[in-house]
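Each chain, written out:
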Amino acid sequence: MRKVISALLCVVILIGFASCKGNDKEDEVFCVADGGNITVLSLKSADGVFVEKGKKDDVTGVATIIVKNNSEQMLEYGKIVFRVNEIERAEFIISALPAGEECVVMETTARPLEEKDEYILNADDTVFAYCEASTENEKYTIESEGSTLKVTNNGNEPLTVRIAYKYYKDDMYYGGICFRGTFENIAPGETMAKDSSHFDKDCKIVNVTME
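Residues numbered from 1 in each chain as written. Predicted model: local features only at pLDDT ≥ 70, side-chain atom pairs only at ≥ 80, totals over all residues. Heavy atoms only, no water.

Brief notes about the nonpolar core
Formed by 30 residues in total, the largest nonpolar core has its most connected members in Leu 43, Ile 65, Ile 80, Phe 92 and Tyr 119. Contacts of Ile 80, omitting those with residues within four sequence positions, involve Ile 38, Val 40, Ile 65, Val 67, Ala 90, Glu 91, Phe 92, Ile 94, Leu 121, Thr 126 and Phe 128. (Core = buried A, V, L, I, M, F, W, Y, C linked by side-chain atoms within 4.5 Å. Buried < 20%, exposed > 50% of the residue type's maximum accessible area, 1.4 Å probe, protein only. Contact = heavy atoms within 4.5 Å.)

Overview of the sheet that holds strand S9 (residues 140-145)
Taken in spatial order, the 3 strands make up an open sheet running S9-S10-S13, and their pairing is antiparallel. Taken across any chain shown, the strands that pair with only one partner, and hence form the sheet edges, are S9 and strand S13 (191-195). Between one strand axis and the next, the sheet turns by 15 degrees as a mean value, whatever way the strands run. Pairing of S9 with strand S10 (residues 148-153), which is carried by 6 bridges, proceeds in the antiparallel orientation. When the bridges of S10 are listed, Glu 145 appears paired with Thr 148. (Pairing = 2+ DSSP bridges. Helix = DSSP H or I, 4+ residues; strand = E, 2+ residues; numbered from the N terminus. Axes fitted to C-alpha atoms, helices over the stretch in contact; angles between N-to-C directions.)

Looking at the packing of aromatic side chains
Each aromatic ring pair is specified by the distance between its two centres and by the angle formed by the two planes. What the rule picks out here adds up to 7 aromatic pairs. Relative to Phe 199, the ring of Tyr 165 has its centre 5.2 Å away and its plane inclined at 85 degrees; by these criteria the two rings are edge-to-face. Placement of the pair is Tyr 165 in strand S11 (residues 159-169) and Phe 199 in the loop between S13 and strand S14 (203-210), with a sequence separation of 34 residues. For the pair Tyr 165 and Phe 199, a shared accessibility class is recorded, and that class is buried. In this structure an aromatic cluster arises from ring pairing among Phe 30, Phe 82, Phe 92 and Tyr 119. Between the NZ or CZ atom of Lys 194 and the centre of the ring of Phe 183, over which it lies, the distance is 5.3 Å. Geometry around Tyr 168 places Lys 204 over its ring, the cationic atom sitting 4.5 Å from the centre. (Phe/Tyr/Trp six-rings, centres within 6.5 Å; stacked < 30°, edge-to-face > 60°. Lys NZ or Arg CZ within 6 Å of the ring centre and 35° of its normal.)

Some thoughts on the sheet that holds strand S2 (residues 38-50)
The sheet built from 7 strands is open, its strands ordered S1-S2-S3-S6-S12-S11-S14 with mixed pairing. Bordering the open sheet on either side are strand S1 (31-33) and S14, each of which pairs with just one other strand. Between one strand axis and the next, the sheet turns through 40 degrees on average, direction left out of account. Note: S1 against S2, 3 bridges, orientation antiparallel. For Cys 31, the partnering residue across the bridge sits in S2 and is Val 40.

Here's what the structure looks like:
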């Protein structure tokens, strides 16, 4: 599996959430995209650990959105683009967000959010792609224990499984980033285990594909 930052670090991403121009009322959303499939619930500044792009730098006052996937499919990839102060640009990248779920996402370059900033959705540059997703199938069984993932091949032929997972804490996904681990050529009836220092109770499997 790819080495990524410790999932434990992701839980502090919301520390220091401060109010900002653009979403003063809790019952209002910041904007809606893709015909209502995507809602940006808020745009605020946040202090914490920058988890986008697999980094683990401490950041302060970064533009951060909470996104909800209102569709009936997984948001496999999304790029939400804003025009900032008419001439600047901000991007938020989201991968593998399950249907009906919310996710906290920092701006992809850790752009600071200033009090005077005006964010307007750039619909022409904003893109979304959806896919079917599943985490269960009779052909395999997946178990996790601490930092160890185990995949058992329940079928009669060799099996390769790819597991996608995201940071998850307090009923919400953290970071647009998604990580993937591959279990290759598992023999029928066999179990393959892989230990990872970054997978623990603060991560959640969002999709499993077979090859």
